[in-house]
Amino acid sequence: MLAILHPNTELDSEAYRQTMHYLENLPGVSVRVHEVQGASQRLTEIYLLGDTKTLNKEEIEALPAVERAIRISDDYRILGRHKDDHRQSGFTYNGVEFSQNNLNIFAGLCAVDVPEHVEQMMQALEDNGEVCTRMGAYKPRTNPYSFQGHGKGCLPWVFEKAGKHGIKVIAMEITHESHIEEIDNCLEKLGRPTGVMLQIGTRNTQNFELLKAIGRQKTYPALLKRGFGITLNESLNAAEYLASEGNANVIFCLRGMKTEAGQPHRNMVDFAHVPAVKRLTRMPVCVDPSHSVGSRDRSPDGILDVMHATAQGVIAGANMVLVDFHPKPEKALVDGPQALLMKELPAYLEDIRLCHDTWKKRQAIYQTLKDSTAE
Ligand code: PEP
Ligand code: MN
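This structure is a prediction, so every number in the text was calculated from the model and none was measured.

Participant: What should I look at first to understand the sheet that holds strand S12 (residues 250-254) in this one?
Facilitator: Two strands in a sheet stick together by hydrogen bonds in their backbones, pointing the same way (parallel) or opposite ways (antiparallel). In space, the eight strands of this open sheet follow the order S7-S14-S13-S12-S11-S10-S9-S8, with parallel pairing throughout. Two strands in the sheet have a free side with no partner beyond their single neighbour: strand S7 (104-108) and strand S8 (132-134). For this sheet the average axis-to-axis angle between neighbouring strands, irrespective of direction, equals 25°. Two elements, S8 and strand S9 (residues 169-173), share three bridges in a ladder whose sense is parallel. Bridging from a neighbouring strand, cysteine 132 pairs with valine 169 of S9. Sitting on the sheet, helix H7 (residues 232-244) touches strand S10 (195-200), strand S11 (222-225) and S12, and the angle it makes with S12 is about 155°.

Now the structure itself:
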């Protein structure tokens, strides 16, 4: 059971004290408080765990600080979408809104290499009105002798360039909890010229200690990649780990599944799961067509498979696109063969806008049907 308190309930108020006294004394029930800071108000959610089957919803709703109560299932308690649950999805970070209804594009370098390439990338984004990017500083690599990323050494100049070009959010994978502090210290020292979304890679989807560490802080939102060899349910539970520790600003990223059956693509593209994740949870959903498709192969219609996969995800309602670009893919230190080119950026953005608009129109045509079948 979830009890949602009246907005902006003060934790030292009499109503809060009475409510908590009642809830904390329910036999066999433990209480967990979760704070949600929205743009204009603060919401307190109280999760009642344990023996909650016999609880009376009306009685809980009659408590002085409670606005309404919702019966929730065991799965994805915080991030899930439960029956009669009309809580909002998404959050705003560094002035950028993330929700299940809008779309943000994170085009950028798979791995930071030299300042010149970062500069060219960010300039191109600025020229095209984009305010988000991806920049890998800590790279998880299959081969221990491959380039592992520049690590904290590149953070100062990457963040400074981001600030200069008006980039507000950088998706950056971290592979160890100490990286949170490295990023935070650097941003603080520079006066926070940009923001960071902490990315958890597919190899770390079930690294529970890393998830808990990212969940314990609330400064940075998280982008959780689906595990490439586990079920969707297992990956969604991994996302719930972040929320259960206190950070519910989580975006879920589909990036393909590892199976020989996906060939000739690097992974089996799984973007049909976009609506499924949006139905099961309140998380905005991201698609990563680069790591799904993994090449610059082009179909006879003249469109790259990466672009087709992007279109499939966006037309199905994806809320974010994470995609590899590089000014000189032949010089890239990681994943050059799948990178899109600077000259392809404007057309790609136009294609994505077209697909996002089409998704909105698709909703409108089915809305009429939904209304008429409801009668
Ligand atoms: C990446 O986005 O750079 C990456 C390594 O992706 P994944 O974890 O999905 O393989
Ligand atoms: Mn990569």
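Participant: Just to check I follow, could you spell out the site of ligand 1 for this structure?
Facilitator: In the neighbourhood of ligand 1, the contacting residues comprise Cys110, Arg134, Lys139, Glu173, Gln199, Gly201, Thr202, Arg203, Lys225, Arg255, Asp288 and His291. A distance of 3.1 Å separates an oxygen atom of ligand 1 from a polar atom in the side chain of arginine 203. For ligand 1, whose accessible area on its own is 300 Å², the fraction buried by protein is 97%. Split by residue class, the shell around ligand 1 holds one nonpolar, four polar and seven charged.

Participant: For this particular structure, what's the right way to read the coordination of the manganese ion (ligand 2)?
Facilitator: In an ideal octahedron of six donors the angles at the metal are 90 or 180 degrees, and in an ideal tetrahedron of four donors they are 109.5 degrees. Within the protein, the manganese ion (ligand 2) binds to Cys110 (SG), His291 (NE2) and Asp335 (OD); these donor distances fall in the range 1.9 to 2.3 Å. Counting along the primary sequence, the residues that act as donors to the manganese ion (ligand 2) give the motif C-x180-H-x43-D. Pair noted here: histidine 291 is in helix H9 (residues 289-293) and aspartate 335 is in the loop between strand S14 (320-324) and helix H11 (345-374), with a separation of 44 residues, a long-range link. No difference in accessibility class separates histidine 291 from aspartate 335, as the two residues are buried.

Participant: Teacher, can you tell me more about helix H5 (residues 178-189) here?
Facilitator: An α-helical segment advances 3.6 residues per turn. Residues three or four places apart therefore align on the same side. Helix length check: H5, at 12 residues, gives a terminal C-alpha distance of 17 Å against a target of 16 Å (1.5 Å per residue), a fit within 8%. Among the residues making up H5, those that are buried are His179, Ile180, Ile183, Cys186 and Leu187. Projected down its long axis, H5 shows its buried positions confined to an angular sector of 140°, all on one face. When the buried face of H5 is taken as reference, the exposed residues oriented beyond 90 degrees from it are Glu181 and Lys189. Buried residues along H5 sit in contact with helix H4 (155-164), S9, S10 and helix H6 (208-216). Within two residues after H5, glycine 191 carries a phi angle of roughly 80°, on the positive side.

What counts, and at which threshold
- Residues numbered from 1 in each chain as written.
- Chains lettered and ligands numbered in written order.
- Predicted model: local features only at pLDDT ≥ 70, side-chain atom pairs only at ≥ 80, totals over all residues.
- Heavy atoms only, no water.
- Pairing = 2+ DSSP bridges.
- Helix = DSSP H or I, 4+ residues; strand = E, 2+ residues; numbered from the N terminus.
- Axes fitted to C-alpha atoms, helices over the stretch in contact; angles between N-to-C directions.
- Contact = heavy atoms within 4.5 Å.
- Near = heavy atom within 4 Å.
- Polar contact = N/O pair within 3.5 Å; in protein donor to acceptor, adjacent residues only side chain to side chain.
- Areas by Shrake-Rupley, 256 points an atom, 1.4 Å probe, with all protein chains shown as cover.
- Nonpolar A, V, L, I, M, F, W, Y, C, P; charged D, E, K, R; others polar.
- Donors = N, O, S within 2.8 Å, 3.2 Å for Na, K, Ca; no water.
- Buried < 20%, exposed > 50% of the residue type's maximum accessible area, 1.4 Å probe, protein only.
- Expected span 1.5 Å × (residues − 1).
- Arc of directions from axis to C-beta.

As far as function goes, none of this settles anything; it's purely spatial.
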